[in-house]
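# A closer look at the structure
Residue strings, one per chain:
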Amino acid sequence: MLALVCPDKEQPFVVQEVPLPQVEKNEVLVQVKAAAINHRDYWIQKGQYANLRYPAILGSDGSGIVAAVGEAVNEHWLGKEVIINPAMNWGNNPAFNGPDFTILGLPRQGCFAEYVSVPVTQVHAKPTHLSFEQAAAIPLSGLTGYRALFTRAQLKPGDTLLLTGIGGGTALLMLQMAVAIGVQVYVTSGNDAKIDKAVQLGAAGGVNYTMNGWHKLLQAMVNGFDVIADSAAGDGFKNFVDLAKPGGRIVFFGGTQGPITTLNPQKIFWKQLNILGSTMGTPEEFSAMVALFQQYRIQPVIDEILSFENAEHAIRKMDDATQFGKLVLTLNK
Ligand SMILES: NC(=O)c1ccc[n+]([C@@H]2O[C@H](COP(=O)([O-])OP(=O)(O)OC[C@H]3O[C@@H](n4cnc5c(N)ncnc54)[C@H](OP(=O)(O)O)[C@@H]3O)[C@@H](O)[C@H]2O)c1
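In this text, all values refer to a predicted model and were calculated from it rather than measured experimentally.

### Quick notes on the overall build of the protein
Each helix and strand in the protein was counted, giving 10 helices and 17 strands. Judged by the C-alpha coordinates and their principal axes, the protein covers about 55 × 40 × 35 Å. Out of the 333 residues belonging to the protein, those deemed buried represent 52%. Residue pairs in contact within the protein that sit at least 24 positions apart in sequence constitute 69% of those at least 6 positions apart. For the protein, the exposed surface amounts to about 14200 Å²; the carbon and sulfur share of it is 50%. With 25 positive and 28 negative side-chain charges, the protein shows a separation of 7 Å between the mean positions of the two kinds.

### Quick notes on the sheet that holds strand S11 (residues 184-189)
Strand order in this open sheet of 6 strands is S12-S11-S10-S13-S14-S15, and the pairing throughout is parallel. Edge positions in the open sheet fall to strand S12 (205-208) and strand S15 (274-277), since each of these has one partner strand only. Adjacent strand axes in the sheet meet at a mean angle of 15 degrees, parallel and antiparallel pairs treated alike. As paired elements, S11 and S12 share 4 bridges and run parallel to each other. Residue Tyr186 lies in a different strand from S12, and its bridge partner there is Gly205. Against the sheet, helix H4 (residues 169-180) makes contact with strand S10 (160-163), S11 and strand S13 (225-230), and its axis sits at roughly 165 degrees relative to S10, the strand it touches most.

### Observations concerning H4
Counted at 1.5 Å a residue, the expected span for H4 with its 12 residues is 16 Å, and the 17 Å between its end C-alpha atoms agrees. Here H4 lies mainly inside the structure; 10 of its 12 residues are buried. Regarding H4, the residues found buried are Gly169, Thr170, Ala171, Leu172, Leu173, Met174, Leu175, Gln176, Met177 and Ala178. Once H4 finishes, Gly182 follows within two positions and takes phi at roughly 90 degrees, a positive value.

### Re the UniProt feature "domain: Enoyl reductase (ER)" (unreviewed entry) in the protein
What UniProt calls "domain: Enoyl reductase (ER)" (unreviewed entry) maps, in this numbering, to residues 9-329. With 28% helix and 26% strand, residues 9-329 has its two end C-alpha atoms placed 21 Å apart.

### Quick look at the domain arrangement of the protein
One can read the domain layout of the protein as domain 1 (2-138 + 300-330) and domain 2 (143-277). Relative placement of domain 1 and domain 2: their C-alpha centres are 28 Å apart. Counting from both sides, the interface comprises 18 residues of domain 1 and, opposite them, 13 residues of domain 2. Between domain 1 and domain 2 the total buried area reaches about 1100 Å² when both faces are included, carbon and sulfur atoms providing 63% of it. At the junction of domain 1 and domain 2, the tally comes to 0 salt bridges. Counting the contacts that link domain 1 with domain 2 gives 4 residue pairs in polar contact (both at pLDDT 80 or more).

### Thoughts on the packing of aromatic side chains
Evaluated as defined, the whole model comprises 8 aromatic pairs. On the numbers, 5.5 Å between centres and 80 degrees between planes, the contact of Trp90 with Phe101 is edge-to-face. Of this pair, Trp90 sits in the loop between strand S6 (87-88) and strand S7 (102-103) while Phe101 is found in the loop between S6 and S7, placing the two residues 11 residues apart along the sequence. On the basis of an interplanar angle of 65 degrees and a centroid distance of 5.1 Å, the ring pair of Phe237 and Phe240 is categorised as edge-to-face. Of the residues examined, Phe237 reaches a relative accessible area of 1% and is grouped as buried. Residue classification places Phe240 among the buried positions, given a relative accessible area of 2%.

### Digging into the pairing of S13
For S13, the tally of buried residues reaches 6 of 6 residues, placing the bulk of the element in the interior. As paired strands, S10 and S13 are joined by 3 bridges and run parallel to one another. Along S13, the bridge assignment pairs Leu162 with Ile228. Two elements, S13 and strand S14 (residues 244-252), share 5 bridges in a ladder whose sense is parallel. For Asp230, the partnering residue across the bridge sits in S14 and is Phe252.

### Quick look at the pattern of salt bridges
Throughout the structure, instances matching the rule amount to 12 salt bridges. Between Asp159 and Arg249 there is a salt bridge, with the nearest N and O atoms lying 3.2 Å from each other. One end of the pair, Asp159, is in the loop between helix H3 (139-152) and S10; the other, Arg249, is in strand S14, with 90 residues separating them in the sequence. For Lys245, the salt bridge is made with Asp226, and the minimal N-O distance between the two is 3.3 Å. Taken as a pair, Lys245 in strand S14 and Asp226 in strand S13 lie far apart in primary sequence, 19 residues in all. Assessed through its relative accessible area of 28%, Lys245 is described here as partly exposed.

Conventions adopted
- Residues numbered from 1 in each chain as written.
- Predicted model: local features only at pLDDT ≥ 70, side-chain atom pairs only at ≥ 80, totals over all residues.
- Heavy atoms only, no water.
- Helix = DSSP H or I, 4+ residues; strand = E, 2+ residues; numbered from the N terminus.
- Buried < 20%, exposed > 50% of the residue type's maximum accessible area, 1.4 Å probe, protein only.
- Contact = heavy atoms within 4.5 Å.
- Areas by Shrake-Rupley, 256 points an atom, 1.4 Å probe, with all protein chains shown as cover.
- Lys, Arg positive; Asp, Glu negative; His and termini not counted.
- Charge placed at Lys NZ, Arg CZ, Asp CG, Glu CD.
- Pairing = 2+ DSSP bridges.
- Axes fitted to C-alpha atoms, helices over the stretch in contact; angles between N-to-C directions.
- Expected span 1.5 Å × (residues − 1).
- UniProt positions renumbered as here; feature names shortened; annotations may be inferred.
- Domains from an automatic or database assignment.
- Buried area = accessible area lost by both parts, 1.4 Å probe.
- Salt bridge = Lys/Arg side-chain N within 4 Å of Asp/Glu carboxyl O.
- Polar contact = N/O pair within 3.5 Å; in protein donor to acceptor, adjacent residues only side chain to side chain.
- Phe/Tyr/Trp six-rings, centres within 6.5 Å; stacked < 30°, edge-to-face > 60°.

Shown next, in the form of structure tokens:
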């Protein structure tokens, strides 16, 4: 089969012939119709990720058709249109991922290939209102966003939410989920046009985080946030302590801008703030996220659909943060 291979650290992706994956007991073989890129794929290509091993076939997000079933798997799966949950072996405690937790697409072969094999417990029926390309855009980011917002930060209708870096794949899906349930959402971005697009998707407003005093502009617009969700961290994070309402929840799941600097402890304890880390999610959260997309017929925003041959272009777009929405790959484009 053909696959998009990451040959080594800081090397461009290449499309090449590789062996078809084995289908073990309790697994299914999925013919991949579409796959989506996450920042994780970028970090792995850059060599900035844990337990790296090259060459690697990455791709945590995929949708497709079940082409074969392994021993002990019901044959009713054959021909089914599915999306794949990339969070594997969560463990027994819903509060945190256990020691065997892994993410599809390193160490296990991911979705940047014609076929991928996964345990049958990882596949879910593709939401009927979504194309394969749209369905491939939701698994990793949707799951991460769902747990961060609803499980960790206890977001509810009527809350006021700040989403930073709205051009990000996860931030955009969080916007769509939050707007669907009746949350008032504000955004930040490094690009004014992305704020305008977020407003078209239902955001109440936003500010550009490259402006001096951006958090003061937000304070003038909103009387505090119940929930702030971030994946940039870095220097800007300290401002969330001022932007959160007393008792507010600040949840983060990424560190794109590096370590968090100078948090004011007095403000955090006096305001009874909750600062929460979050990663991916449980199988139950994945099911709940897919159900939410189905219930509100949410269509994920796709920036561009590209061929495997153009994966490098997509990764550079992510590096420059010029995308708005998910970057989706297909073999047949
Ligand atoms: N822990 C987990 O389970 C998990 C899951 C998913 C992602 N992540 C991490 O979360 C981060 C985002 O992932 P993604 O796939 O959503 O990435 P992405 O689609 O590549 O989005 C990255 C976005 O970060 C924003 N950004 C850059 N500098 C910023 C700043 N100073 N302040 C606020 N936003 C800034 C940009 O938004 P604008 O374009 O609007 O400026 C950019 O589009 C990555 O670090 C990723 O590794 C972690």
